[in-house]
Amino acid sequence: MHIFDAFHYQFIQRAFVAGCFIAVLCSTLGVFLVLRRLSLIGDGLAHVTFGSIAVGLMLRMEPMYTAIPLVMLSSLGILRLMEKARVYGDTAIGIISSLGIAAGIILVSLSGGFNVDLFSYLFGSILSVSNAEVITSVVLSIAVILTVFLFYHELVSITFDEECAKISGIKTRRLNAILILLTSLTVVLAMKVVGIMLVSAMLILPATAALQVAKSFKMSIVIAAAIAVFSVISGIWISFAADLPTGGTIIILNFIILMLILGYRAKKPLKAKPSIQSAAIK
Amino acid sequence: MNIISVNNVSVRYQSVEVVSNISFNVAAGDYLGIVGPNGSGKTSLIRAIFGLISIAKGTVSIFNQNISDFQQWHKIGYLPQKILSFNPNFPATVKEIVAMGLLAQKSFPKRIGRGDDAAIDRILVLLDITNIKDKLIGELSGGQQQRVLLARAMVAEPKILVLDEPTTALDPEAREKFFTVLQELNKKSGVTIMLVTHDIMNIGRYASKLLYLDRKLVFHGGFDEFCSSSEVTDYFGEFAQHVICHRH
């Protein structure tokens, strides 16, 4: 098959459009999440997505429309646990994600067990994405990217140092809520691309790879987005040509890129990485 | 004119009172050294005054505004003791970090643009870090990082500069330079300085007032009063008080 033959199929075109937008979304938010040591929030919210999908399937509604509000509410629950109950982030994520999985298993069982629909959400099925899903993904992606653009400098500031950001008059609680709500929206959108099981990898891998080589914050977002888009396009094409699962192929490509960059960094490390207050001034 | 009023403030962690019933005022142009042994509540007091932790009892007002309603954050520059979750891979250049200090004076959407370059360049020159402005923060030494964070605190030309143990990472020469910069800011620009330190042996050389804390207020006043204060004598003993005062 010629390399460009795949582009003639409408379902491949839809997959490219939805996949590229979601790739940019995941990688952009991923940079903030990785730096804030909240990488696993994607995994936790993906588990909640599983429960929310089960609700949608049980109520015979479009699962994305039940998942979006439920996952957003759960993400606020994680934030509330972290702020009010003084629970560490990983613990709060663990509590809410296990609740999501438990509720999902019970609901799936009540509605007659696992079926093809549920498996497509668990492992992704970007090649079966519908026109409506493409439009939803593009519109929501643009909304999320616009929000990140509007709050960009404030998000960078709270990511670097939340306390100083607060003393700079930045509404840190509001921004944390915005970041976590955007993440929940992204997780729901990305489940169709790589599946619930691999959503967190889309958030973590491109961002981690970009952070190894970026020379500024903006550059790290651009590099992460480029890696994610490249992985999605190549992953869709390779999976189509070699008859492989698309979600898994995209993630493996992301992983290979990360390994290549880590290898490059091992040969050409940055000059020094001391922690603040650990060295004397020259 | 008092610009900070702290009235009967207590701070608790869980059920432990780490700061007990403290009252004092800071006047415009003061250079206040907040001193005390490790664990005496210095950082907790500062964090409570500026709303980073909640106050168990008492009130704080800054520029006649209660801290819970305070909005004039562009008038405050803050250099923390340490960044709680500092990530050495943080992909921001020195210029990007310093620019964060300008966000307080921006309205929504808070954007940093070319128009801010002059303010950033001015502070980079003042702190002698222009040569590293395009370097990543993680590539710098501890002392350079500290100067970058000081630049971030100072870039918006704050009326009050709050520094929590700022010289820990600095060698003696750099420490002297650092204190000289602070002194010029205080004397020439009239910036009010609140500096937390455990170095009581040296702070009297720079600060116009001392606040000695050991969970409760031991002393607040000028250095001459410190040397003649009977409360200080009771706390330190005559010999230690003499040694501290003799150093200056």
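All figures in this text were calculated on a predicted structure; none of them were measured in a lab.

As a further point, take the pattern of salt bridges. Oppositely charged side chains are able to pair whenever their charged atoms sit close together. All names here are of chain B. Using the criterion set out here, one finds twelve salt bridges over all chains in the structure. The salt bridge involving D30 is made with K209; its shortest N-O contact spans 3.3 Å. Pair noted here: D30 is in the loop between β2 (16-27) and β3 (31-35) and K209 is in strand β9 (residues 209-214), with a separation of 179 residues, a long-range link. Owing to a relative accessible area of 9%, D30 belongs among the buried residues under this scheme. Note that K133 and D121 form a salt bridge whose closest N and O atoms lie 3.8 Å from each other. Remark: D121 occurs in helix α3 (residues 117-126) and K133 occurs in the loop between α3 and α4 (142-154); sequence separation between them is twelve residues. Judged by its relative accessible area of 24%, K133 is partly exposed.

In this structure the tally under the stated criterion is eleven aromatic pairs over all chains. Between the aromatic rings of F151 of chain A and F108 of chain B, the centroid separation amounts to 5.3 Å while the plane-to-plane angle is 45 degrees, which identifies the pairing as tilted. Residue F151 of chain A is located in the loop between α6 (131-150) and α7 (152-160), and its partner F108 of chain B is located in the loop between α2 (94-99) and α3; the two belong to separate chains. Ring geometry for F217 of chain A versus F90 of chain B: centroids 5.5 Å apart, planes at 45 degrees, classification tilted. Of this pair, F217 of chain A sits in helix α11 (residues 217-242) while F90 of chain B is found in the loop between β6 (76-79) and α2, placing the two residues in two different chains.

On to the sheet that holds strand β5 (residues 65-66) of chain B, then. Residues and elements named next belong to chain B. Spatially, β2-β1-β4-β5 is the arrangement adopted by the four strands of the open sheet, whose pairing is antiparallel. Across the chains shown, the open sheet's two edge strands, defined by having one partner strand only, are β2 and β5. With eight bridges joining them, strand β1 (residues 2-13) and β2 adopt antiparallel strand pairing. The partner of V9 across the bridge, within β2, is I22.

So, about the confidence of the model for chain B. As a general rule, the predicted coordinates of low-pLDDT regions are not to be interpreted in detail. Here chain B averages 86 in pLDDT, and 94% of its residues register 70 or above. Across chain B, element-level confidence peaks in strand β4 (residues 57-62) of chain B with a mean pLDDT of 94 and bottoms out in helix α9 (residues 238-247) of chain B with 67.

What follows concerns the confidence of the model for chain A. Per-residue pLDDT for chain A has a mean of 86; in total, 93% of the residues score no lower than 70. Of the regions scoring below 50 in pLDDT, residues 272-282 of chain A engages in 45 contacts with residues more than four places distant in sequence or in other chains.

Moving on, we get to unusual backbone geometry. Residues and elements named next belong to chain B. The linkage connecting F108 with the following residue, P109, adopts the cis geometry, with an omega of -10 degrees. Looking at the element boundaries, P109 is found in the loop between α2 and α3. If you check the backbone angles, D128 has positive phi at about 60 degrees while not being a glycine.

A word on the packing of α6 of chain A against α7 of chain A. All names here are of chain A. The contact between α6 and α7 brings their axes to 4 Å, and the two run at 70 degrees. Comparing their axes, α7 and α6 come out roughly perpendicular. Together, V148, F149 and L150 of α6 and Y152, E154 and L155 of α7 make up the contact between the two elements. Per-class residue counts for the contact of α6 with α7 are five nonpolar, no polar and one charged.

We now examine the interface of chain A and chain B. Taken together, the contact between chain A and chain B spans 44 residues of the former and 53 residues of the latter. Both faces combined, the contact of chain A with chain B buries some 4400 Å², and carbon together with sulfur accounts for 58% of it. Where chain A packs against chain B, one counts three salt bridges. With a closest N to O distance of 3.3 Å, E139 of chain B and K215 of chain A form a salt bridge. On the surface where chain A and chain B come into contact, there are seven residue pairs in polar contact (both at pLDDT 80 or more). Of all elements in the fold, only α6, α7, α8 (162-167), α10 (199-213) and α11 of chain A reach the threshold of two or more residues within the side of chain A that touches chain B. The element best represented in the side of chain A that touches chain B is α7 of chain A, accounting for seven residues. Looking at the side of chain A that touches chain B residue by residue, the class counts come to 20 nonpolar, eleven polar and 13 charged.

Conventions and cut-offs
- Residues numbered from 1 in each chain as written.
- Chains lettered and ligands numbered in written order.
- Predicted model: local features only at pLDDT ≥ 70, side-chain atom pairs only at ≥ 80, totals over all residues.
- Heavy atoms only, no water.
- Salt bridge = Lys/Arg side-chain N within 4 Å of Asp/Glu carboxyl O.
- Helix = DSSP H or I, 4+ residues; strand = E, 2+ residues; numbered from the N terminus.
- Buried < 20%, exposed > 50% of the residue type's maximum accessible area, 1.4 Å probe, protein only.
- Phe/Tyr/Trp six-rings, centres within 6.5 Å; stacked < 30°, edge-to-face > 60°.
- Pairing = 2+ DSSP bridges.
- pLDDT = per-residue confidence, 0-100.
- Contact = heavy atoms within 4.5 Å.
- Axes fitted to C-alpha atoms, helices over the stretch in contact; angles between N-to-C directions.
- Parallel < 35°, antiparallel > 145°, perpendicular 65-115°, else oblique.
- Nonpolar A, V, L, I, M, F, W, Y, C, P; charged D, E, K, R; others polar.
- Buried area = accessible area lost by both parts, 1.4 Å probe.
- Polar contact = N/O pair within 3.5 Å; in protein donor to acceptor, adjacent residues only side chain to side chain.

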